Amino acid sequence: MTYPDNILYQVTKPARYTGGEWNSIVKGWDKTYIKIALSYPDVYEIGMSNMALPILYELLNSQPDVLAERVYAPWVDMEAILRARGIPLASLESKHPLKDFDIIGFSLGYELTYTNVLNMLHLAQIPVLAAERDDSHPIVIAGGTCALNPEPMADFIDFFVIGDGEEALPELLDCFRDWKGKAAPKQQLFQQVANIPGIYVPSLYQVEYQAAGLFKSITPTVPQAKPSIQRRIVNKLPPPVTKPVVPYIEVVHDRGAIEIQRGCSRGCRFCQAGIIYRPVRERSQSEVIQGVGEIITNCGYNEVSLVSLCTNDYPDIDKLVANLIHRYQEYNLTLSLPSLRTDSSSVSLVASLPSHRKTGLTFAPEAGSQRLRRTINKYVTEDEILQTAAAAFNKGWSSFKLYFMLGLPNETLDDVQEIIQLVDKICSLGRKAKGQRPQLRVSVSTFVPKPHTPFQWVVQANQAELDAKHELLKQGLRRTRSRLSWPDPKVSLLEAVLSRGDRRLGKVIYRAWQLGSTFDAWDERFNYENWLRAFAETGLEPDFYAQRERPLDEPLPWAHIDVGVTMAFLKQECQRALDGRETPDCRNKACNACGLEHWQPQCQQKLQRLS
Ligand code: SF4
């Protein structure tokens, strides 16, 4: 089945739905035993920029009896046509309806895509609620960062893959092959996969709440289901994806990408990625250099991004960059270095790139005051920030972007005032170096407390507090003439609710979707009224989830997901934050005993080296 041309003429960006891109893999449908639809609950341009899907696409398609095809959320114009004509949502490669696949796997990277998952299932003519799907329907699974608190989506997903998919998927496929061969009921498969470490089957657990409405416990209902689900972690990064699908239209990250390391050791206390991707695993320089060459050859890209949570923490990054530029100079290679630390070595690094790359620089002090930076464990001093800015101006930049967060724990109006003073000082440095006012863009996000972080217990700032701080910032930054951008705090409130929610939130998500909410991450589509109505109709309060300080001993709905970092370490970090004490980076200093030392070889070796 293909979407008829007369549909594609009527929608924006029809190439979102045509498939047939360079390097896409089309296997014989009838000859392949297991069929998997890799689904991304946002539009094509965003989904095609995701780093995880190409890894899974390559891994699954490398198995002779498995085919993996892609599907992205159709934009509202396409959705309207599909619904009007009763055409089911189909994959990009073979154009088969999703309901013909064995497994539909969603990548959940952002809570505000949850309604799109429901919408895609509905468009695929598959019951949205797991309890309403029978043995004739595909298995619906999900992974990604949001799976580390799976409860809000538990009503819709048959099982979750927790952690690195490269580790768990081969075992999952073995189990699926065996089950499919027997044509047994789905329940049998669910019980078998519950035995695989890192697989969480929510329907095999019973949730209880306390009389006051607080979450009480999640208990397995069958022996195969484990009380605690351990995150899967690959010890060594698998080979990089060097033959990814090349889109025919512009996507968000329109370049090649190679993961140079996974994980971060810095321990910023607000950062979920810094906890849930521990420990740091680096790819060797030779593998990166070879991988970049293969990407150039296989895809025709002359721009490649070196992806990492903190790119210049990669050992000898300057040598790697120099080697890559030298090795691939005939291709006029451009390197993109996202996520740079705020220090002058970052400026030197970017300055070492060929001159056509000297476009924008971005630094993230996150907080204006030293006190608050200590609270969040962002160990960069004001002197270092100013030295970084001075180095940038001296090396020729006249503009850059600064990231801050508002609403951090213990934040006062004085801390916001210090953001203004810091931007002011940077402006003065720019004026001194360049003889004119620099162009600064100040991007401010609202802090969202996330599960599995030291701030998982803290209250999120309310709208009135945020409005006052935003107003102060707006007025104060006027004299620097910097450009201030600031997302709608209601979006962050909803993100805070969904990220620290329990299973009851499934009803809210379902109702919001019924009321028409989809693409909640898109400004033009976000409808807060729908969500408020959904909360009211289901008898739940958003403030209960987002704006309530949780005692350290309160049971947490995600505590059965064991990311490897212990609750004791997170509590200790929470206390150190309140005391204004930093915890050192564990990469080159002592191990902080976050919990992974008990079961990760890298951390055990480090402990031995340092002892
Ligand atoms: S166990 Fe130690 S070395 Fe490993 S990630 Fe945790 S703090 Fe760092």
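Data block above holds the structure.
Conventions we followed
Residues numbered from 1 in each chain as written. Predicted model: local features only at pLDDT ≥ 70, side-chain atom pairs only at ≥ 80, totals over all residues. Heavy atoms only, no water. Helix = DSSP H or I, 4+ residues; strand = E, 2+ residues; numbered from the N terminus. Salt bridge = Lys/Arg side-chain N within 4 Å of Asp/Glu carboxyl O. Buried < 20%, exposed > 50% of the residue type's maximum accessible area, 1.4 Å probe, protein only. Pairing = 2+ DSSP bridges. Right-handed = clockwise from strand over helix to strand, strands pointing away. Polar contact = N/O pair within 3.5 Å; in protein donor to acceptor, adjacent residues only side chain to side chain. Axes fitted to C-alpha atoms, helices over the stretch in contact; angles between N-to-C directions. Contact = heavy atoms within 4.5 Å. Near = heavy atom within 4 Å. Nonpolar A, V, L, I, M, F, W, Y, C, P; charged D, E, K, R; others polar.

**Q** Even after reading the chapter, I still don't get the environment of G476, so can you show me in this structure?
**A** In this structure, G476 sits in helix α15 (residues 463-477). Taking the C-alpha atoms as reference points, G476 and V288, separated by 188 residues in sequence, lie 45 Å from one another.

**Q** When you look at the pattern of salt bridges in this model, what are you seeing that I'm missing?
**A** A side chain with one charge can pair with a side chain of the opposite charge if their charged atoms come near. Tallying each qualifying case throughout the model produces 38 salt bridges. The shortest N-O distance in the salt bridge between D158 and R133 comes to 3.3 Å. Of the two residues, D158 is situated in the loop between β4 (139-143) and β5 (159-161) and R133 in the loop between α5 (114-123) and β4; the sequence distance between them amounts to 25 residues. Under the relative-accessibility criterion, D158 is labelled buried at 4%. Overall, the relative accessible area of 8% leaves R133 in the buried class. Sharing partners across several salt bridges, the network here consists of D164, E166, E259, R262 and R281.

**Q** Looking at this structure, I do not really get the pairing of strand β16 (residues 399-406). What am I missing?
**A** Each regular strand shows side chains that alternate between the opposite faces of the sheet. Burial analysis of β16 places six of its eight residues in the buried class, which makes it a mostly covered element. Where strand β15 (residues 362-366) meets β16, three bridges bridge the pair, whose relative direction is parallel. Within β16, the position partnered with F363 by the bridge is L402. As defined by bridge partners, β16 adjoins strand β17 (residues 439-446) across eight bridges and the pair is classed as parallel. Paired with F404 across the two strands is V444, which belongs to β17. Between the parallel elements β16 and β17, the chain passes through helix α14 (residues 413-434) in a crossover that is right-handed.

**Q** Before we go on, may I ask you to explain the pairing of strand β3 (residues 103-107) in this structure?
**A** Across the five residues of β3, five count as buried, placing the element largely inside the fold. A two-sided burial pattern is seen for β3, the buried positions comprising I103, G105 and S107 on one face and I104 and F106 on the other. As judged from the four bridges shared by strand β1 (residues 34-40) and β3, these two strands associate in the parallel manner. Bridge pairing links I36 to I103 in β3. By the bridge criterion, five bridges tie β3 to β4 in an arrangement that is parallel. From the neighbouring strand, I103 faces β4, where its bridge partner is I139. This β-α-β element, β3 to α5 to β4, shows right-handed connectivity.

**Q** How should I be thinking about the side chain of R231 in this particular structure?
**A** Inspection of the secondary structure assignment puts R231 in the loop between β9 (229-230) and β10 (256-259). Among the polar contacts made by the side chain of R231, one reaches the main-chain carbonyl oxygen of R278 at a distance of 2.7 Å.

**Q** I keep staring at the sheet that holds β17 and nothing clicks. Help me out?
**A** Strand pairing in a sheet relies on backbone hydrogen bonds, with the paired strands running either antiparallel or parallel. As summarised here, the arrangement of the four strands in space is β15-β16-β17-β18, forming an open sheet in which the pairing is parallel. Strands at the two margins of the open sheet, each flanked by one partner only, are β15 and β18 (483-485). Mean inter-strand twist for the sheet, computed between neighbouring axes without regard to direction, equals 20°. The strands touched by α14 within the sheet are β16 and β17, with β16 carrying the most contacts at an inclination of about 170°.

**Q** I tried to follow the site of the ligand on my own but got confused; where do I start?
**A** Around the ligand, the surrounding shell consists of R278, C586, C591, N592, A593, C594, L596, E597, C603 and K606. Of the residues contributing to the shell around the ligand, the split by class is six nonpolar, one polar and three charged.

**Q** Would you mind going over the environment of I289 with me for this structure?
**A** For I289, the position within the fold is in helix α9 (residues 285-299). Each C-alpha atom of the pair I289 and D102 lies 38 Å from the other, and the pair is 187 residues apart in sequence. Setting aside anything within four residues of it in sequence, one finds I289 in contact with L320, N323, L324, R327 and Y328.

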